[in-house]
Structure formats: structure tokens, C-alpha cells
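A structural walkthrough
Here's the letter readout for the chains.
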Amino acid sequence: MGTKINTTLFQGALILTLASLLSKLLSAVYRVPFQNMVGDEGFYIFQQAYPFYGISMTLSLTAAPLFISKVVAEYNGDYNAQRWFLERSKRYLGVLGFVLFIALFIAAPWLANTMGDPSLTGIIRVTSVTYLLLPYLGSYRGFYQGDNDMTPTAVSQAVEQVVRVAIIIVGAYIGVYVLDVSLYHVGELAMSGAIIGGAAGAIILAVFDKKRRGLQQIPTMRPENLQLPRGIWRDMFAVIITSALLIWFQMADAFQIFRLLVASGIETDQAKILKGVYDRGQPLIQLGVVVVTSFSLSIIPMISKARIQRERVKLQRLVSFFMRTGIALGLAITVALVVMMPTLNYTLFADYEGVDVLQVFVAGLFLLTLLVIITSVLQGFNSMKAPAIAAVCGIIIKVMLNGVWLPEHGIIGSAWATNSALLASVLISVVILKQSINFEWPSWQFLIKLSFSVALMAAPLIIINYLPFVTNHRIVGLVVLIIASLIGALLFLFSASYLRVITRQDIVMLPMGRSAIKLIKKMKR
């Protein structure tokens, strides 16, 4: 029986992980063809409203389901209590979603004026409608996750994002090439994908629930034994802050970059284009986050298991390993993006605008990688408050430095502000983690070997920036870029393996690590 339950949990977690990675990948990839159709100014318009959707998505996909699943899990086997709480959660989230919708819809003109662009009112109002879907998306996902059934959440999440991305691309095409409307109206058409996608996800969840509930009645009386776990509202707020850190940074940029650039004397149209160029970094960061997330998802259960079993030595080894691997993974991906940025920018976005700004911007991926991994470790220690504190400090620093550096240094000042804020969050998180466990820092020998491996990887990526047939033809450039990336990745893996940057003992600690070692041995034969 226990084996069957564990198998079900593993399969559910795997399905949810794959759906999450698919969503993040789609969220990164669609921005490239979208920008190619609407240009930098159209991309600026869309990205100005995106943070409001990002908060809505965090509420319905992460924060609310976490809150509800904890309560549902507490009453496993008590259907009446679970079902009563689901119905009550829908009411609470319905009120919250309606209040946020009304507030954002009414405040849209003021928000757009505060951003410095009154024409953004329409797209902000379109985004506000997504909050009305919160009671359906958040409550049902939390209910089924709490009952260890991850399939409804995974399927609804995948459907929601596929429909959303399809509407964004189709809407942009129709608006630009068929209707020939203003870019602000194109942005509104594209953002409507979030509403239609969310509605599709809600329908999927409703179908699952109808099949699951069957003819069972919905309880109308509150069960006597139903009590909310302590600190659950605090944890929900902490998740909103921590999980949406990049969204909050984007929110700060939306309110500060364009307005401060115009205030510093830059023409309005040029300021919009500069912000659009700056936002090209978002999909590149997102692609890096996909890789880091796929690794970090294994951290929480491994740390939690070792903590519960009180295996202190194993905990220290795990944390040290995750820190070493995070540094190696983050540095390799970041250096690759920085050195190939000229060719990457041209092949994806058709010009070389803002290469220096984008290089500084994506350099923050290294710090973001460390922050994601340290946050996952802290959550493995069942700490929600600590990552939230680090995130809040980072947000405050980001807003303050934007205000100082943007007028003085221009758009690149915002990129430096983001990196400085991430650095502050990482340092605070490390200090908090050190109080929980005394892990080993990577040695100088490790850092030297890692640097050599990364330098080998970077060589082919640097060379392609100087090949004339690559820098003048987008398709050729993309093909050569992929080949060079594969060569660089192989050079890094062989060098890191030979220099023992990652050892066999490290691999064993990973999920299915022993199986991976056996597979490597067979390949060598």
C-alpha cells in the first residue's frame, strides 16, 4: 500500500513538473516571434502590462493552491471537510479576485499615467479581467494537489498556457497584418490570450471536478473539526513575494524606466523603443530559468527527507553539493549567453540594438540561479519567511537604484540595479542559510577548474561573433549558433568531468544518480 502511494505521488509530481517546465518554456519562446511582429515599441506596450498578469498567474498557480492544498491535506480522508473548504475557498478567492479586478480596472488610468503613458489604460484593463478567474483556477488546483492528484493542475496549466500563447501570436498577426490597428490595440488583443487561456484552464478543472464528484452532495454545514493551520496566510503572502520576484522587478521597471528616460530628456518614441530593447532580455532570462528550475525541483524533497530523518552529515553534503552545482550551472549558462549575445540578438530580434545592455541584464542569471537554489534549500528546511525577507530587500533595493542610476546612466542603469538587487538577495539568503546549517564553500581549486571549463565552452561561442556569413544572415546565424552551443556544451562537460568539477559522489546524490552512472559506464564500453 505504501509503495503504491509513493508511486502515485512520484507520478503526480513528475506530471506537475513537466507541465511547469512546459509553461515556462512557452512563456520564454513566444516572446521572440511576438517581438518580431510588433517591434520594440509593441513589445514595450505588452511588457508594461505583463507584471499585472504575472501577479494574477502567481496567485492562481502557486500561492492560492499552496494555501488550499495544505488545508485539504490536513483532512485527508474526510471528504465533507475537504469539500466544504473547497466551496468556501472559492468564495474567498472570488471576493479577492473581484476586488483586485475592480481596483485594477478603475485604477488603470492612474497607473498608466504614473507609468508616463496614458495609452496603456486599455491593456491594463484587459489584464485586470484575469483576476476574475482566480476562484476557479486557484481553488480547484489547490483542492486536487492537497488530495495528491496532480493531473488536473498539470493538464489545466498546460492547456491554459498553450491557448494563451496561441492567442498572443494569432492576435498579434491579425492586429498587425490584417486589421492594421495601433500597437496599443494589438497589445490588448494579445493580452486577451491570458483571459481565454485562463478560461480554458478553468473549464478543464471543472470537467475534472464533475467526473470526480459524481453524484456526491456538496456539504453546506461547516464540519466541527475543521481548523486552519497556523501561519497559512503568512506563508501564502511569502510565496507571492518569493515566487514572483522577477515579476516584481518587472513591475518596478514598468513604472520607472520609460518615465525616467523621458524625464531625462529622451524623446517619447525613443524611450519606448529603448524599453522594448531592454525587455528582449526577459525571454533569455526565462530560458535560463527553465534549466535552473528543472534542477532545483529535486532540491526541496531531498533536503526535506534528510531533515526529517535527522541526517545532519547528509544535509551538509547535499547543501554543499547544491551550492557547487548551482555555481557551475549558473556560471556556464550566464557566460554562454553573455559571449554569444551579439549573434543571439541578431538572429532572434533582427538587429544589434542594445547588446551591451542585454549582456549586463543576462549576467544577472548567475545570481538568479544561486538565489533559486538557496531558496529551494531554505524551503526544504520548511522556511517560507526567510526567502521572502531576502526578496523584499531585493525589491526595495531595485526600486531605489532604478531611481538613482536610470537618470544618470540611462537604460543600462536598470540592468545594473537588477543585478545589484539580486546580489543583495543572494547575500541575505546565504547568511540565513548559514544559520540553519554549516555547509562548505566551494574551494579555490574548484573555482579555477570551473573557470577553465567555462573558458573552453565560451571559445566557439566567441568565434561565431566574427564570422561574416553568420552576422549577416539570421537563419544561417541561428543554425551556426546551435552547433556552436552544442560544441561548447560538450567541451564543458568533458572538461568538467576530466577535472572532477562534478564528481561521481556528487552524481550519486541526485535522483536516479546511480542509474546515470551505470548508463555512463555502458556508453564508455
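Quick caveat: nothing in here was measured; it's all calculated off a predicted structure. (Residues numbered from 1 in each chain as written. Predicted model: local features only at pLDDT ≥ 70, side-chain atom pairs only at ≥ 80, totals over all residues. Heavy atoms only, no water.)

**A word on the overall build of the chain**
Selection rule: The helix count covers DSSP runs of H or I at least four residues long, the strand count covers runs of E at least two residues long, and both are numbered beginning at the N terminus. For each residue, the accessible area found with a 1.4 Å probe, counting protein chains only, is set against the maximum for its type, and the residue is called buried under 20%, exposed over 50%, and partly exposed in between. Residues are treated as being in contact if the distance between any of their heavy atoms lies within 4.5 Å. We get accessible surface area from the Shrake-Rupley algorithm with a probe of 1.4 Å; when it comes to residues, only the shown protein chains can shield them.
The helix and strand tally for the chain stands at 22 helices and zero strands. By residue count, 53% of the 525 residues in the chain fall in the buried class. Long-range pairs, those at least 24 residues apart, make up 82% of the contacts in the chain with a sequence separation of at least 6. A total of about 24,100 Å² of accessible surface is found on the chain, and carbon and sulfur atoms cover 67% of it.

**Description of empty space enclosed by the protein**
Let me state the cut-off plainly: Buriedness of a pocket was judged along seven lines, with at least five required to meet protein on both sides within 12 Å; pockets are open sets of points on a 1 Å grid over the protein atoms alone, cavities are sets where a 1.4 Å probe fits but cannot get out, and lining residues have an atom within 4 Å of a point. Grid points are joined across faces, edges and corners, and a volume is the space filled by probe spheres set on the points. Lys, Arg, Asp and Glu make up the charged group, whereas Ala, Val, Leu, Ile, Met, Phe, Trp, Tyr, Cys and Pro make up the nonpolar group; the residues left over, Gly among them, are polar.
Here the structure, examined in full by the defined rule, presents two cavities of 30 Å³ or more. If you trace the largest cavity, you find 14 residues lining it, with Leu 246, Phe 249, Gln 282, Phe 361 and Thr 418 closest to the centre. Taken together, the elements giving at least two residues each to the lining of the largest cavity come down to helix H9 (245-263), helix H11 (281-296), helix H15 (355-380) and helix H17 (411-436). For the lining of the largest cavity, the class distribution of residues is eight nonpolar, five polar and one charged. Quantified by volume, the second largest cavity comes out at close to 60 Å³. Every residue along the wall of the second largest cavity is listed here: Tyr 53, Ser 56, Met 57, Ser 60, Thr 130, Leu 133, Leu 134, Leu 137, Glu 160, Ala 194 and Gly 198. Residue assignment for the lining of the second largest cavity shows that the elements contributing at least two residues are helix H2 (31-74), helix H5 (134-146) and helix H7 (183-213). No other element matches H2, which puts four residues into the lining of the second largest cavity. Residue classes in the lining of the second largest cavity are distributed as six nonpolar, four polar and one charged.

**Observations regarding the packing of H2 against H9**
What counts here: To get an axis, a line is fitted to the C-alpha atoms, and for a helix only the part in contact is used. The angle between two axes follows their N-to-C directions and goes from 0 to 180 degrees. Relative orientations are named as follows: roughly parallel for angles under 35 degrees, roughly antiparallel for angles over 145 degrees, roughly perpendicular for angles from 65 to 115 degrees, and oblique for any other angle. When the near helix sits turned anticlockwise from the far one by under a right angle, the crossing is termed left-handed; a clockwise turn instead gives a right-handed crossing.
The geometry of H2 relative to H9 is characterised by a closest axis approach of 9 Å and an angle of 140° between their N-to-C directions. In terms of orientation, H2 lies oblique with respect to H9. For the element pair H2 and H9, the recorded crossing hand is left-handed. From H2, Tyr 44, Gln 47, Gln 48, Tyr 50, Pro 51, Phe 52, Gly 54 and Ile 55 reach across to H9, where they touch Ile 247, Trp 248, Gln 250, Met 251, Ala 254, Phe 255 and Phe 258.

**A word on unusual backbone geometry**
With phi around 55°, Asp 180 is a residue other than glycine that occupies positive phi space. Here Asp 180 shows up in the loop between helix H6 (151-178) and H7. Asp 180 gets classed as exposed once you look at its relative accessible area, which sits at 63%. Although it is not a glycine, Arg 500 adopts a positive phi angle of roughly 60°. Structurally, the position occupied by Arg 500 is in the loop between helix H20 (474-498) and helix H21 (504-508).

**Examining the packing of aromatic side chains**
Let me state the cut-off plainly: Between rings of Phe, Tyr and Trp, where Trp is taken as its six-membered ring, a pair exists when centres lie within 6.5 Å; planes separated by under 30 degrees are stacked, by over 60 edge-to-face, and by other angles tilted. For a Lys NZ or an Arg CZ to count as sitting over a ring, it must be within 6 Å of the ring centre and within 35 degrees of the ring normal.
One pass over the full model with this rule turns up 15 aromatic pairs. Ring centres of Tyr 44 and Phe 258 lie 5.4 Å apart, and the angle between their planes is 40°; this geometry places the pair in the tilted category. Note that Tyr 44 is positioned in helix H2 and Phe 258 in helix H9, a separation of 214 residues in sequence. Given a relative accessible area of 0%, Tyr 44 falls into the buried group. Assessed through its relative accessible area of 2%, Phe 258 is described here as buried. Where Phe 321 meets Phe 322, the ring centres are 5.4 Å apart and the plane angle is 45°; that geometry is what we call tilted. For the pair formed by Phe 321 and Phe 322, the shared burial category is buried. The structure contains a cluster of three or more aromatic residues connected by ring pairs, namely Tyr 30, Phe 34, Phe 43, Phe 46, Tyr 50 and Tyr 53. In this structure, Arg 31 packs its charged tip against the face of Tyr 50, placed 4.6 Å from the ring centre. The ring of Phe 143 has Arg 83 sitting right over it, with the charged end atom 5.3 Å from the ring centre.

**What to know about the packing of helix H3 (residues 79-115) against helix H4 (residues 121-128)**
When two helices pack together, their arrangement is given by the angle between their axes and by how far apart the axes lie. Between H3 and H4, the shortest axis-to-axis distance is 8 Å and the interhelical angle comes to 155°. Considering the angle they form, H3 stands roughly antiparallel to H4. As H3 packs across H4, the resulting crossing turns out to be right-handed. The segment H3 lies against H4, with Phe 101, Leu 104, Phe 105, Ala 108, Pro 109, Leu 111, Ala 112 and Met 115 engaging Thr 121, Ile 124, Arg 125 and Ser 128. Here the contact of H3 with H4 is built from residues that sort into nine nonpolar, two polar and one charged.

**Section: the confidence of the model for the chain**
The condition is simple: Each residue carries a pLDDT value, the predictor's own confidence for that position, ranging from 0 to 100.
For the chain, mean pLDDT is 85; residues scoring 70 or higher make up 87% of the total. Low pLDDT (under 50) marks residues 1-6, which in the prediction has zero contacts with non-local residues, meaning those over four places away or in another chain.

**Some points on H20**
Here is the rule we go by: To estimate how far a helix should extend, the number of its residues minus one is multiplied by 1.5 Å.
Compared with the 36 Å implied by 1.5 Å per residue over 25 residues, the 36 Å span of H20 between its first and last C-alpha is a close match. Here H20 has its buried residues at Gly 477, Val 480, Leu 481, Ala 484, Gly 488, Phe 492, Ser 495 and Ala 496. Those residues of H20 hidden inside the fold are in contact with helix H13 (312-339), helix H14 (341-349), helix H18 (444-463) and helix H19 (468-471).

**With respect to the side chain of Ser 453**
The topology assignment puts Ser 453 in helix H18. With residues near it in sequence (within four places) discarded, Ser 453 still touches Phe 492, Ser 495, Ala 496, Leu 499 and Val 501.

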